[in-house]
Amino acid sequence: MKVKSEELVTLITIKTSCDKETIELGYRIGKNCKGGEIVALCGDLGAGKTCFVKGIGKGLNIEDRVINSPTFLICQSYTSGRLPLFHFDLYRLSDFSEIEDIGWYDYLNSDSVIVIEWAEKIREYLISDNVLWVTINIISENIREFVISANNKKLKYLLD
Ligand SMILES: Nc1ncnc2c1ncn2[C@@H]1O[C@H](COP(=O)(O)OP(=O)(O)O)[C@@H](O)[C@H]1O
Ligand SMILES: [Mg+2]
């Protein structure tokens, strides 16, 4: 079953004007995570996905300097924080079976926080109510627009 973007409810649209503000926005979501959330990030190279993940990590009490793009790994795990964080980067993914092979369903069933860069590549597999869609649009050199949406309003607490 495919999820059409028109079925998503926009929870907030917000602009940031530097890395620091993007980290703060990620922090806000990270600190509200209870476990079981999936943050699906969409946006071009250089949009600020990894920067946003640093903020989520900070909100989970993971030292932000340790978070980088897991470019040569599909998934990087961070277990030093309040909740485990699994950071996927699907830039090089050519087929969904590649993440099935590394135990995708075990990650999904865990009480952790999952963040996925290039989540649009697996959009049709991300149909749970726990998916927060974050689309980052590059407006100018330093301005980014974040459109944050979900299947319903259940995840609104992430923006408290
Ligand atoms: N408002 C902003 N938010 C996030 N990054 C920004 C912003 N303005 C400029 N940048 C720059 O954009 C780049 C984003 O890089 P990164 O987070 O690695 O992107 P991605 O993971 O989407 O490829 C960084 O070089 C950062 O300094
Ligand atoms: Mg990245």
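Residues numbered from 1 in each chain as written. Chains lettered and ligands numbered in written order. Predicted model: local features only at pLDDT ≥ 70, side-chain atom pairs only at ≥ 80, totals over all residues. Heavy atoms only, no water.

Draft legend 1. Seen up close, the layout of surface pockets. Space inside the largest pocket adds up to approximately 280 Å³. Of all the secondary structure elements, the ones that give two or more residues to the lining of the largest pocket are α1 (19–32) and α2 (49–59). The element contributing the most residues to the lining of the largest pocket is α2, with three residues. For the lining of the largest pocket, the residue count by class is six nonpolar, eight polar and seven charged. (1 Å grid on protein atoms, 1.4 Å probe; cavity = no way out; pocket = protein on both sides within 12 Å on 5 of 7 lines; lining within 4 Å. Points joined across faces, edges and corners; volume = space filled by probe spheres on them. Helix = DSSP H or I, 4+ residues; strand = E, 2+ residues; numbered from the N terminus. Nonpolar A, V, L, I, M, F, W, Y, C, P; charged D, E, K, R; others polar.)

Draft legend 2. Quick look at the nonpolar core. Core analysis: the largest hydrophobic core is formed by 27 residues, its most contacted members being Phe52, Leu60, Leu85, Leu132 and Val134. Among the elements of the structure, α1, β2 (38–42), α2, β5 (113–117), β6 (131–138) and β7 (144–150) are those that each provide at least two residues to this core. Excluding residues within four positions of it along the chain, Val134 makes contact with Val39, Ala40, Leu41, Cys42, Phe52, Phe146, Val147 and Ile148. Residues Cys42, Phe86, Leu93 and Val131 belong to the second largest nonpolar core, which totals 21 residues. (Core = buried A, V, L, I, M, F, W, Y, C linked by side-chain atoms within 4.5 Å. Buried < 20%, exposed > 50% of the residue type's maximum accessible area, 1.4 Å probe, protein only. Contact = heavy atoms within 4.5 Å.)

Draft legend 3. Quick look at the side chain of Glu117. By the secondary structure assignment, Glu117 is in strand β5. Lys49 provides the closest opposite charge to the buried, salt-bridge-free Glu117, at an N-O distance of 4.6 Å. Beyond its immediate sequence surroundings of up to four residues, Glu117 is in contact with Leu41, Lys49, Thr50, Val53, Ser69, His87, Phe88, Asp89 and Leu90. (Lys, Arg positive; Asp, Glu negative; His and termini not counted. Salt bridge = Lys/Arg side-chain N within 4 Å of Asp/Glu carboxyl O.)

Draft legend 4. Focus on the pairing of β5. With five of five residues buried, β5 is to be regarded as a mostly interior element. Both faces of β5 are covered, namely the face carrying Val113, Val115 and Glu117 and the face carrying Ile114 and Ile116. Direction of pairing for β2 relative to β5: parallel, over a ladder of four bridges. Paired with Ala40 across the strands is Ile116, a residue of β5. Summarising the sheet, strand β4 (residues 85–89) and β5 pair through five bridges and their orientation is parallel. (Pairing = 2+ DSSP bridges.)

Draft legend 5. A look at the site of ligand 1. Close contacts around ligand 1 come from 17 residues, with Thr22, Gly46, Lys49, Thr50 and Asn142 the closest. Between ligand 1 and Cys18 there is a distance of 3.2 Å, counted from a nitrogen atom to a backbone nitrogen or oxygen. Side-chain polar atom of Lys49 to an oxygen atom of ligand 1: 2.7 Å apart, as the coordinates give it. Contact with the protein chains covers 76% of the free accessible surface of ligand 1, which is 570 Å². Most atoms of ligand 1, that is more than half of them, are within 2 Å of grid points of the largest pocket. At the level of elements, α1 and α2 are the ones that each hand at least two residues to the shell around ligand 1. Of the residues assigned to the shell around ligand 1, the class counts are four nonpolar, seven polar and six charged. (Near = heavy atom within 4 Å. Polar contact = N/O pair within 3.5 Å; in protein donor to acceptor, adjacent residues only side chain to side chain. Areas by Shrake-Rupley, 256 points an atom, 1.4 Å probe, with all protein chains shown as cover. Sits in = over half its atoms within 2 Å of the grid points.)

Draft legend 6. Representation of the environment of Leu108 within the structure. Looking at the secondary structure, you find Leu108 in helix α4 (residues 104–108). Residue classification places Leu108 among the partly exposed residues on the basis of a relative accessible area of 30%. In this structure, the C-alpha to C-alpha distance between Leu108 and Ser128, residues 20 residues apart in sequence, is 9.9 Å. When near neighbours in sequence (up to four residues on either side) are disregarded, Leu108 contacts Ile38 and Ile114.

Draft legend 7. Examining the side chain of Glu145 more closely. Position of Glu145 relative to the elements: it lies in strand β7. Buried and unpaired, Glu145 has Lys15 as its nearest opposite-charge partner, separated by 4.8 Å. With near-sequence residues (within four places) excluded, Glu145 lies in contact with Thr13, Ile14, Lys15, Thr135, Ile136, Asn137 and Ile139.

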